[in-house]
Amino acid sequence: MDRSILLIITGGIAAFKSLELIRELGRAGVRSRVILTKAAQEFVTPLSVSALSGEKCFTELFNLNDEAEMGHIELSRSADLVVVCPASADIMAKAANGLANDLASTALLATDKPVLYAPAMNVRMWQHPAVKRNVAQLRDDGATVLEPDEGLMACGEFGPGRLPEIERLKASILSALTPDDTLAGKHVLITAGPTREPIDPVRYLTNHSSGRQGYAIASALAARGADVTLVSGPVSLPAPSGVKLVKIETAQEMLAACQSALPADAFISVAAVADWRPVNASESKLKLKGGEDPVSLQFVENPDILKTISNSETQRPELVIGFAAETHELEKYAQEKLKTKGCDWIIANDVSGDVMGGDRNQVSLFSQQGVERSPEASKAQIADWIVSRIAEALI
Ligand code: C5P
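All figures in this text were calculated on a predicted structure; none of them were measured in a lab. (Residues numbered from 1 in each chain as written. Predicted model: local features only at pLDDT ≥ 70, side-chain atom pairs only at ≥ 80, totals over all residues. Heavy atoms only, no water.)

Student: Is there a simple way to explain the overall build of the chain in this structure?
Tutor: Each helix and strand counted, the chain has 14 helices and 22 strands in total. When the backbone C-alpha atoms are referred to their principal axes, the chain occupies close to 75 × 55 × 45 Å. When each of the 395 residues of the chain is scored for burial, the buried share is 49%. For the chain, the proportion of contacts with a sequence separation of at least 24, taken over those separated by at least 6, is 66%. As displayed, the chain offers around 19,600 Å² of accessible surface, 50% of which is attributable to carbon and sulfur atoms. Of the charged side chains in the chain, 39 are positive and 50 negative; the average position of the first set lies 1 Å away from that of the second. (Helix = DSSP H or I, 4+ residues; strand = E, 2+ residues; numbered from the N terminus. Buried < 20%, exposed > 50% of the residue type's maximum accessible area, 1.4 Å probe, protein only. Contact = heavy atoms within 4.5 Å. Areas by Shrake-Rupley, 256 points an atom, 1.4 Å probe, with all protein chains shown as cover. Lys, Arg positive; Asp, Glu negative; His and termini not counted. Charge placed at Lys NZ, Arg CZ, Asp CG, Glu CD.)

Spelled out as structure tokens, the structure:
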């Protein structure tokens, strides 16, 4: 393999292990260019890093010699992958919040390359809600955050927080450096988010969908080389990289956008499409009438996008997947939907908790072959779980 990483070593007792990582990666043909944070220099020296990596080690943001040789922006983009190992609670907090006050955090903000974090910290720190929030944010932003190992820690406590073993680190880095193009040449059409059905120019009918699960699936598909069209309702998420994003508001617009994006090899209907829309949205703002008489609005049913595409005679994708968000009797409704919608799979999840808008999820995949349950995991991990199965079905 002829690849290179930018390795950011942050402060912590596990920092010395990254020296072994540099050596192991070098044996596999991966060059490491290294940034040491100030705290990391308490544990390893720039000299030992340079001796092992065979490259200059970078430590300062505003160093005229370094900047003349290679500016920090270029440094952040010159490698195929950015690895933060060990990743302290501090660097993850900075990166999750967009802080850039030293070379390491600035490089993380400036990079356009994939980023992999290998956390190592005290078990209580790892389990702190603030760290959990930051990890969830980094994953949401598209980074990979490895789960730390569990065991006896340098501080004498026991639990998760140890730096993953070098072998696991090396395997994760090598796999991140090997582009997965199992879905190359496949066009996947996916919908996500809510739809917004106007009542008048200032009011609308919608739902709580955040779009996160659909966006995570779109990213996971693109990461495997698929050509992805994401038709999305209004959400506050950044466009996933490598995906063609088509923004719409209403269910009717979503259907039209999907139809014009066909043909596709697979259609994944993750969007929480509003079931109804007000009949004839008012062109001017509706006014209070005063008094106590009930006010009524009339609704008509929206087109069922999933059903329409499932039943398309000429352009039905090879694999059509619907989602079912239910608060009770998950299996019964999922089985019913498989039939009524005419799709190949229904991916069902229980939304009685805080799934809608939350970071974690757990799904069951219903098909003619039976049912398969995913583990409870982050929405990014659930997306990977789903996309692995899509890849198996399409190739
Ligand atoms: O019937 P229900 O809304 O529970 O079905 C959910 C599935 O159907 C989801 O995959 C959703 O994206 C899709 N759907 C649709 N058009 C609608 C309603 C739901 O595509 N009008």
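Student: I'm lost on the sheet that holds strand 5 (residues 115–119) in this one. Help?
Tutor: Think of a sheet as strands paired side by side through backbone hydrogen bonds, with each pair either parallel or antiparallel. Across the sheet, 6 strands lie side by side as 3-2-1-4-5-6; this open sheet has parallel pairing. Looking at which strands have only one partner, the edges of the open sheet turn out to be strand 3 (57–58) and strand 6 (144–145). In this structure, strand 2 (residues 30–36) lies alongside strand 3, joined through 2 bridges in parallel fashion. If you follow Val-34 over to strand 3, its bridge partner there is Cys-57. (Pairing = 2+ DSSP bridges.)

Student: What am I meant to see in the site of the ligand here?
Tutor: Near the ligand the following residues occur: Ser-269, Ala-271, Val-273, Asp-275, Pro-303, Asp-304, Ile-305, Leu-306, Gly-322, Phe-323, Lys-337 and Lys-341. One nitrogen or oxygen atom from the main chain of Leu-306 is found 2.8 Å from an oxygen atom belonging to the ligand. Here an oxygen atom of the ligand and a side-chain polar atom of Lys-341 are 3.0 Å apart. The fraction of the free accessible surface of the ligand (440 Å²) that becomes covered by protein chains is 84%. Across the shell around the ligand, the residue classes tally to 6 nonpolar, 2 polar and 4 charged. (Near = heavy atom within 4 Å. Polar contact = N/O pair within 3.5 Å; in protein donor to acceptor, adjacent residues only side chain to side chain. Nonpolar A, V, L, I, M, F, W, Y, C, P; charged D, E, K, R; others polar.)

Student: What exactly am I supposed to notice about the sheet that holds strand 13 (residues 243–247) here?
Tutor: With mixed pairing, the 8 strands of this open sheet are ordered in space as 13-12-9-14-17-18-20-21. The sheet is open, and its two borders are formed by strand 13 and strand 21 (370–373), each paired with just one other strand. For this sheet, the mean angle separating the axes of adjacent strands, direction not counted, is 20 degrees. Together, strand 17 (319–326), strand 18 (345–350) and strand 20 (363–367) form the strand contacts of helix 13 (residues 330–341), whose direction differs from that of strand 18 by roughly 155 degrees. Packing of helix 14 (residues 379–394) onto the sheet brings it into contact with strand 14 (266–269), strand 17, strand 18, strand 20 and strand 21, and relative to strand 17 it is tilted by some 150 degrees. (Axes fitted to C-alpha atoms, helices over the stretch in contact; angles between N-to-C directions.)

Student: Is there a simple way to explain the side chain of Thr-10 in this structure?
Tutor: Along the chain, Thr-10 turns up in the loop between strand 1 (3–9) and helix 1 (17–27). The class of Thr-10 is buried, set by a relative accessible area of 2%. From its side chain, Thr-10 meets the backbone oxygen of Pro-86 in a polar contact 2.6 Å long. A polar atom in the side chain of Thr-10 sits 3.0 Å from the backbone nitrogen of Ser-88.

Student: Looking at this model, I keep getting lost on the packing of aromatic side chains. Mind explaining?
Tutor: Within a pair of aromatic rings, the relevant descriptors are the distance that separates the centres and the angle that separates the planes. Taken as a whole, this structure holds 0 aromatic pairs when the rule is applied. In this arrangement the basic side chain of Arg-196 is found over the ring face of Tyr-204, its NZ or CZ atom lying 4.2 Å from the centre. Lying over the aromatic face of Trp-385, Arg-389 brings its terminal NZ or CZ to 4.0 Å of the ring centre. (Phe/Tyr/Trp six-rings, centres within 6.5 Å; stacked < 30°, edge-to-face > 60°. Lys NZ or Arg CZ within 6 Å of the ring centre and 35° of its normal.)

Student: What exactly am I supposed to notice about the domain arrangement of the chain here?
Tutor: One frequent convention defines the size of an interface as the accessible area lost when the parts assemble. According to the domain assignment, the chain contains domain 1 (3–177) and domain 2 (187–394). A C-alpha centroid distance of 36 Å is found between domain 1 and domain 2. (Domains from an automatic or database assignment.)

Student: I would appreciate a short explanation of the side chain of Ser-209 in the present structure.
Tutor: When you line up the elements, Ser-209 lands in the loop between strand 11 (203–205) and helix 10 (212–223). Ser-209 gets classed as buried once you look at its relative accessible area, which sits at 15%. Looking at Ser-209, its side chain comes within polar contact range of the main-chain nitrogen of Gly-211, at 3.4 Å.

Student: Mind showing me how you'd approach the pattern of salt bridges here?
Tutor: According to the stated counting rule, one finds 19 salt bridges in the structure shown. Close ionic contact of Asp-112 with Lys-113 constitutes a salt bridge, the shortest N to O distance being 3.4 Å. Asp-112 gets classed as exposed once you look at its relative accessible area, which sits at 52%. Among the ionic pairs, Arg-196 bridges to Glu-249, the shortest N-O distance being 3.8 Å. Within this pair, whereas Arg-196 is found in the loop between strand 9 (187–192) and strand 10 (197–200), its partner Glu-249 is found in the loop between strand 13 and helix 11 (251–261), the two being separated by 53 residues in sequence. Via salt bridges that share partners, Glu-24, Arg-27 and Lys-170 belong to a single interconnected network. (Salt bridge = Lys/Arg side-chain N within 4 Å of Asp/Glu carboxyl O.)

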